[in-house]
Amino acid sequence: MLLLPWLRRVETSISLLITQNISIVYADVFKYPTVRELAAIVDDQASDQSGQSNNEFAGYNYNKIQSVISGNVEENVDRITREKLGDIMITGATGFLGIHILKAYLDNYDGKVYCLVRKGAYESMEKRMMHMLMYYFDNPCEELFKDRIVCVDGDITSKEQVESFAAYKFQINFITNGFLRSLRGYKAVGKFPMGSMHEIAELSPIDSTALAVLKLVQTDRRFTVFHACNSHHIYMADLIYAMRKYGFKLDIVKDEEFEEAVKEFAKNSNDSDAVSGLIAYTSHNENEIYAMEYSNRFTAQALYRLEYKWPVTDDRYLESAIGALDRLAFFD
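Residues numbered from 1 in each chain as written. Predicted model: local features only at pLDDT ≥ 70, side-chain atom pairs only at ≥ 80, totals over all residues. Heavy atoms only, no water.

Looking at this structure, I do not really get the packing of aromatic side chains. What am I missing?
Given two aromatic rings, their pairing is described by the distance between the two centres and the angle made by the two planes. Throughout the structure, instances matching the rule amount to 11 aromatic pairs. Considering the side-chain rings of F96 and Y136, the 5.7 Å spacing of their centres and the 50 degrees angle between planes classify their relative orientation as tilted. Pair noted here: F96 is in helix α6 (residues 96–108) and Y136 is in helix α7 (residues 125–137), with a separation of 40 residues, a long-range link. Here F96 falls in the partly exposed class, since its relative accessible area comes to 43%. Here Y136 falls in the partly exposed class, since its relative accessible area comes to 26%. An aromatic cluster of three or more residues is present, and its members are F96, Y135, Y136 and F137. Note that K103 overlies the ring of F137, its terminal NZ or CZ placed 5.5 Å from the centroid. (Phe/Tyr/Trp six-rings, centres within 6.5 Å; stacked < 30°, edge-to-face > 60°. Helix = DSSP H or I, 4+ residues; strand = E, 2+ residues; numbered from the N terminus. Buried < 20%, exposed > 50% of the residue type's maximum accessible area, 1.4 Å probe, protein only. Lys NZ or Arg CZ within 6 Å of the ring centre and 35° of its normal.)

I tried to follow the pairing of strand β3 (residues 149–152) on my own but got confused; where do I start?
The side chains of a regular strand alternate, residue by residue, between the two faces of the sheet. Alignment of strand β2 (residues 113–116) against β3, held across four bridges, turns out to be parallel. For Y114, the partnering residue across the bridge sits in β3 and is V150. Read from β2 through α7 to β3, the crossover connection turns out right-handed. (Pairing = 2+ DSSP bridges. Right-handed = clockwise from strand over helix to strand, strands pointing away.)

It is not clear to me how the nonpolar core should be interpreted in this structure. Could you clarify?
Buried together is how nonpolar side chains tend to be arranged in soluble globular proteins. If you look at the biggest cluster of nonpolar residues, it comprises 29 residues, and the most contacted ones within it are Y186 and M243. In terms of residue count, helix α11 (residues 236–246) provides more of this core than any other element does, six residues in total. Residues I101, C115, M130 and M132 belong to the second largest nonpolar core, which totals 28 residues. (Core = buried A, V, L, I, M, F, W, Y, C linked by side-chain atoms within 4.5 Å.)

Would you explain the pattern of salt bridges in this entry?
Once their charged atoms are close, side chains differing in charge can pair, the charge on each being opposite to the other. Following the criterion strictly, the structure yields nine salt bridges and no others. The closest approach of N and O atoms between E74 and R297, which form a salt bridge, is 2.8 Å. Of this pair, E74 sits in the loop between α5 (63–69) and β1 (88–90) while R297 sits in helix α13 (residues 297–305), placing them 223 residues apart in sequence. Its relative accessible area of 31% is what places E74 among the partly exposed residues. (Salt bridge = Lys/Arg side-chain N within 4 Å of Asp/Glu carboxyl O.)

It is not clear to me how unusual backbone geometry should be interpreted in this structure. Could you clarify?
For residues other than glycine, phi is negative in most cases, and the peptide bonds are mostly trans. The phi angle at D138 is positive, at roughly 55 degrees, despite the residue not being glycine. If you trace the backbone, D138 turns up in the loop between α7 and β3. Residue D138 is classed as exposed on the basis of its relative accessible area of 62%.

What's the story with the environment of L211 in this structure? I'm lost.
Mapped onto the elements of the fold, L211 is located in helix α10 (residues 206–217). In the structure, L211 is positioned 109 residues away from L102 in sequence and 9.7 Å away in space, judged by C-alpha atoms. In this view, L211 contacts A104, N108 and Y308; residues no more than four positions away in its chain are not counted. (Contact = heavy atoms within 4.5 Å.)

For this particular structure, what's the right way to read the packing of α6 against α7?
Each packed pair of helices is defined by two parameters, the angle between the axes and the distance between the axes. Two elements in contact, α6 and α7, have axes whose closest approach is 11 Å; the angle formed by their N-to-C orientations is 85 degrees. Between α6 and α7, the angle falls in the class roughly perpendicular. Between α6, through F96, I99, H100, L102 and K103, and α7, the contact on the second element is made entirely by M129, M132, L133, Y136 and F137. Of the residues in the contact of α6 with α7, the class split is eight nonpolar, one polar and one charged. (Axes fitted to C-alpha atoms, helices over the stretch in contact; angles between N-to-C directions. Parallel < 35°, antiparallel > 145°, perpendicular 65-115°, else oblique. Nonpolar A, V, L, I, M, F, W, Y, C, P; charged D, E, K, R; others polar.)

Help me understand the packing of α11 against helix α14 (residues 315–327), please; the structure alone is not making it clear to me.
With their axes 9 Å apart at the nearest point, α11 and α14 run at an angle of 60 degrees to one another. Here α14 runs oblique to α11, going by the angle between their axes. For the element pair α11 and α14, the recorded crossing hand is right-handed. The segment α11 lies against α14, with D238, L239, A242, M243, K245 and Y246 engaging L318, E319, I322, G323 and D326. Across the contact of α11 with α14, the residue classes break down as six nonpolar, one polar and four charged. (Left-handed = near helix turned anticlockwise from the far one by under 90°.)

Looking at this structure, I do not really get α6. What am I missing?
Given 3.6 residues per turn, any residue in an α-helix points the same way as the ones three and four places further on. Taking 1.5 Å as the rise per residue, α6 with 13 residues should run 18 Å; its terminal C-alpha atoms sit 19 Å apart, in good agreement. Burial in α6 covers these residues: L97, G98, I99, H100, I101, L102, A104, Y105 and L106. As for α6, its buried residues are in contact with β1, β2, α7, β3 and α10. (Expected span 1.5 Å × (residues − 1).)

Pasting the structure below:
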């Protein structure tokens, strides 16, 4: 119940960002972590001054980082070898990807999994993990706890607790992802911009991603940066038509009409959070948008050498994925 006032403030803030054309992007929350700094960037002059005076990375020496990441280039891909995977730790084992990595490890490897988890409202950490396993896989795997699944009470934001894990012999994996919130926004508004139909998108089946992560963990320490995502791309048009075929009402409209529809929804709907993933369409200056390109070619080449290939994303998979999300009440 203590969360309700905070959630209402978040919904109100999202609505104000959209309806009043306040240009704040997600990265600004981390760049300007206090309310005072965040409020200041609404004014261009204050934003410039803050950026110049508080740029902690201006004189940063990247030599050490470069020495760690320099080996992750395609020229070195033939040096990749597959090492034995021993015990591991998963820091986000109760999350969507984390729980699937846990299941993939239990099904394909023999070691122990140390799961960093807090018990929350549950009787114990183990009960929480059993609940999540039952939720996703209809099997709590109760017999595997202690022998193969070891719950560790801890907080990843605590430096002292993280350093104390050095006593364990494992490899740490943590990956986060966001993209699906925008799909929820399109469904809520009931419209999609024509100008985005030919944008490239990528969907990675969660079980395939979990197995790919485990394969990549088996590379040696010279290789440190991977993009564990599907090599096969689709267009947003494929996804939107899959949503329409599933039964969602989605009109494909001009970009201007879509932007107005998002603003109107945020202004008049009781569920403005549904379009929070679409703020970028309505709170920016077009001259300030930069496409951040990436390539997972190095990772794909590494996975081939680890005897792994991504599955093709076809129409049947897209429709199945939309249905699975809907059954989880994701679009509600």
